[in-house]
Amino acid sequence: MIVEHLSLADFRNYAAVDLALRAGPNVFVGKNGQGKTNLVEAIAFFATLGSHRVSSDAPMVRDGAEYAIVRARLAHGERRVQLEAQVNRQGSNKARVNGAPVRTAELPRYAQVVLFAPEDLQIVRGDPSARRRFADQLLVQRAPRMAGVLADYDRVLKQRTALLKSARARGLKGEALSTLDVWDDKLVALGTEIIRARIALAADLAPPVAAAYRAIAGEDHRPELEWALSFSRDADTDADDADAAVPKESRTDAAPAAVPPAPEVIAQFRAALAARRSAELDRGITLVGPHRDDLVLRVRGLPVKGYASHGESWSVALSLRLASAELLRADSQLGDPIVILDDVFAELDSGRRGRLAELTSGFEQVIVTAAVGADVPGALRAHTLRVEAGAIIEPEGAEHG
Ligand SMILES: Nc1ncnc2c1ncn2[C@@H]1O[C@H](COP(=O)(O)OP(=O)(O)OP(=O)(O)O)[C@@H](O)[C@H]1O
Ligand SMILES: [Mg+2]
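Below, the structure is looked at part by part. If you're wondering where the values come from, they're calculated on a predicted model, not measured in any experiment.

Cut-off values and rules
- Residues numbered from 1 in each chain as written.
- Chains lettered and ligands numbered in written order.
- Predicted model: local features only at pLDDT ≥ 70, side-chain atom pairs only at ≥ 80, totals over all residues.
- Heavy atoms only, no water.
- Helix = DSSP H or I, 4+ residues; strand = E, 2+ residues; numbered from the N terminus.
- Rg over C-alpha atoms; globule rule 2.2 N^0.38 Å.
- Buried < 20%, exposed > 50% of the residue type's maximum accessible area, 1.4 Å probe, protein only.
- Contact = heavy atoms within 4.5 Å.
- Areas by Shrake-Rupley, 256 points an atom, 1.4 Å probe, with all protein chains shown as cover.
- Lys, Arg positive; Asp, Glu negative; His and termini not counted.
- Charge placed at Lys NZ, Arg CZ, Asp CG, Glu CD.
- Polar contact = N/O pair within 3.5 Å; in protein donor to acceptor, adjacent residues only side chain to side chain.
- Phe/Tyr/Trp six-rings, centres within 6.5 Å; stacked < 30°, edge-to-face > 60°.
- Lys NZ or Arg CZ within 6 Å of the ring centre and 35° of its normal.
- Axes fitted to C-alpha atoms, helices over the stretch in contact; angles between N-to-C directions.
- Parallel < 35°, antiparallel > 145°, perpendicular 65-115°, else oblique.
- Left-handed = near helix turned anticlockwise from the far one by under 90°.
- Nonpolar A, V, L, I, M, F, W, Y, C, P; charged D, E, K, R; others polar.
- Pairing = 2+ DSSP bridges.
- Core = buried A, V, L, I, M, F, W, Y, C linked by side-chain atoms within 4.5 Å.

### A short note on the overall build of the protein chain
Then, in step 1: Along the backbone of the protein chain there are 8 helices and 15 strands.
Then, in step 2: Against the globule reference of 21 Å for 401 residues, the protein chain gives a C-alpha radius of gyration of 22 Å, in line with a compact fold.
Then, in step 3: Considering the protein chain as a whole, with its 401 residues, one finds that 53% of them fall into the buried category.
Then, in step 4: In the protein chain, of all internal contacts separated by at least 6 residues, the share reaching a separation of at least 24 is 73%.
Then, in step 5: Here the protein chain displays about 17700 Å² of accessible surface, and carbon together with sulfur accounts for 50% of that area.
Then, in step 6: Each charge class in the protein chain was averaged separately, 51 positive and 54 negative side chains, and the resulting centres sit 3 Å apart.

See below:
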């Protein structure tokens, strides 16, 4: 799919902008702080219902305004769909598809976007939460119903944790104990679904990640992805978001782990909850579940986090995004995902720049931003627009598409 037309009102530093985009590469060049990332953040919003930079929506609303409006016309072959999101400073957002109100959660069914950004380095170098967010966003893009499962799990987790906290204060007995059992059942049911979907995702990602890494780095460092589950971890590494990426022998068979059957996961989950119950009551937090899992990434058999070089870490981050784009492309009836490369070329050496350009130039539409136009490889430099203080300037003599 491609974005044919984008319009923004009161989004970040854009008061109002209307913009035609083309199939193939579209490059936005401008000095720092002019609105390049803001523009692509608006496009990606339809796919992820959030920002890749901030966890709340308020910063996306222009200073002084109450809400922002983002409209995009997406095209796939002869089909057109008009998406609209109203991002509210406060309260829940609103959405329309072809003019008709829909639940906001419906938008990602129509828009598939893979955004590469400097922040992606945090996926490989940051806390486990960054890797969980990466995986969960991709899960939702591939299967929008997972958004509901993840939200339900979060809700159950909060309620269960609140109960543990109050039990810590008042002592847990009688009725509270059976209430905890009810929350345990929900936690296990939803958590098992998430754990199994994430393991399946890692298995699906493994081959395209390996191929992308080879193509980007120009070498085969045998990248691996494996979920470190909270209930396979020792009780004494219980610290919040403890690094699960202890170096260990790389598996001899490179084949990713198969998805364990649900009853097996449920049994392990329950056993771990039983084993940790007193620790949970002591500390007033839920110690077991997918909210404490980590996607361990390795190259050459060693964890990326803490071991890999800067260039290797970038290669892994880019490979994860490229592999995501490949999976979405293979799954989708809407054609290719829209590929966005926000300010990534400045981060890469010339070999990786060229190879990334080559690997992405085959997607139906690629949107590139750069502070320095010369950083963008020739293969992606066809249609260039300038961004200046929240305005888009078409090149002289350009026709509107
Ligand atoms: N809610 C908002 N209201 C008004 N202005 C905003 C808002 N959010 C961000 N800005 C402004 O937008 C500008 C940043 O835009 P953006 O991040 O898109 O820059 P950029 O062109 O990508 O720059 P760089 O090259 O540094 O990445 C900043 O000047 C910031 O003050
Ligand atoms: Mg930027």
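### Observations concerning the environment of W227
Then, in step 1: Take W227: it is sitting in strand β9 (residues 224-228).
Then, in step 2: Separated by 69 residues in sequence, W227 and V296 place their C-alpha atoms 5.8 Å apart.
Then, in step 3: Excluding residues that lie within four positions of it along the chain, W227 makes contacts with R132, A135, R198, I199, A202, D293, D294 and L295.
Then, in step 4: A polar atom in the side chain of W227 sits 2.9 Å from the backbone oxygen of R198.

### Focus: the packing of aromatic side chains
Aromatic rings considered in pairs are described by the distance between their centres and by the relative angle of their planes.
Then, in step 1: The tally for this structure, following the rule as stated, stands at 1 aromatic pair.
Then, in step 2: Look at F231 and F269: their rings are 5.4 Å apart centre to centre, the planes differ by 40°, and that puts the pair in the tilted class. Residue F231 is located in the loop between β9 and α6 (262-283), and its partner F269 is located in helix α6; the two are separated by 38 residues in the primary sequence. The same class applies to F231 as to F269, namely buried.
Then, in step 3: Sitting over the ring of F363, R329 keeps its end group 4.0 Å from the ring centre.

### Concerning the packing of helix α3 (residues 128-142) against helix α7 (residues 310-331)
Then, in step 1: Packing of α3 against α7 leaves a shortest axis separation of 10 Å and a crossing angle of 15°. Classified by the angle their axes make, α3 and α7 are roughly parallel. Judged by the sense of rotation from one axis to the other, the crossing of α3 with α7 is right-handed. Residues F134, L138, Q141 and R142 of α3 form the contact with α7, whose own contacting residues are L320, R321, S324, L327, L328 and D331.
Then, in step 2: Grouping the amino acids of the contact of α3 with α7 by side-chain chemistry returns 5 nonpolar, 2 polar and 3 charged.

### Looking at the sheet that holds strand β11 (residues 302-303)
Then, in step 1: Overall, antiparallel pairing links the 3 strands, which are arranged β9-β10-β11 in an open sheet. At either margin of the open sheet sits one strand with a lone partner, and together these are β9 and β11.
Then, in step 2: Relative to strand β10 (residues 294-299), β9 runs antiparallel, the two being bridged by 5 bridges. By the bridge assignment, A228 is partnered in β10 with D294.

### So, the nonpolar core
Then, in step 1: The biggest cluster of nonpolar side chains holds 76 residues, and the ones touching the most others in it are F116, L205, L225, L320, L341 and L356.
Then, in step 2: If you tally residues by element for this core, the top one is helix α5 (residues 174-217), at 18 residues.
Then, in step 3: Ignoring anything within four residues of it in the chain, the contact list for L320 reads I123, V124, F134, V209, L225 and L297.
Then, in step 4: Among the nonpolar cores identified, the runner-up in size contains 42 residues, and L8, A72, V97 and V387 belong to it.

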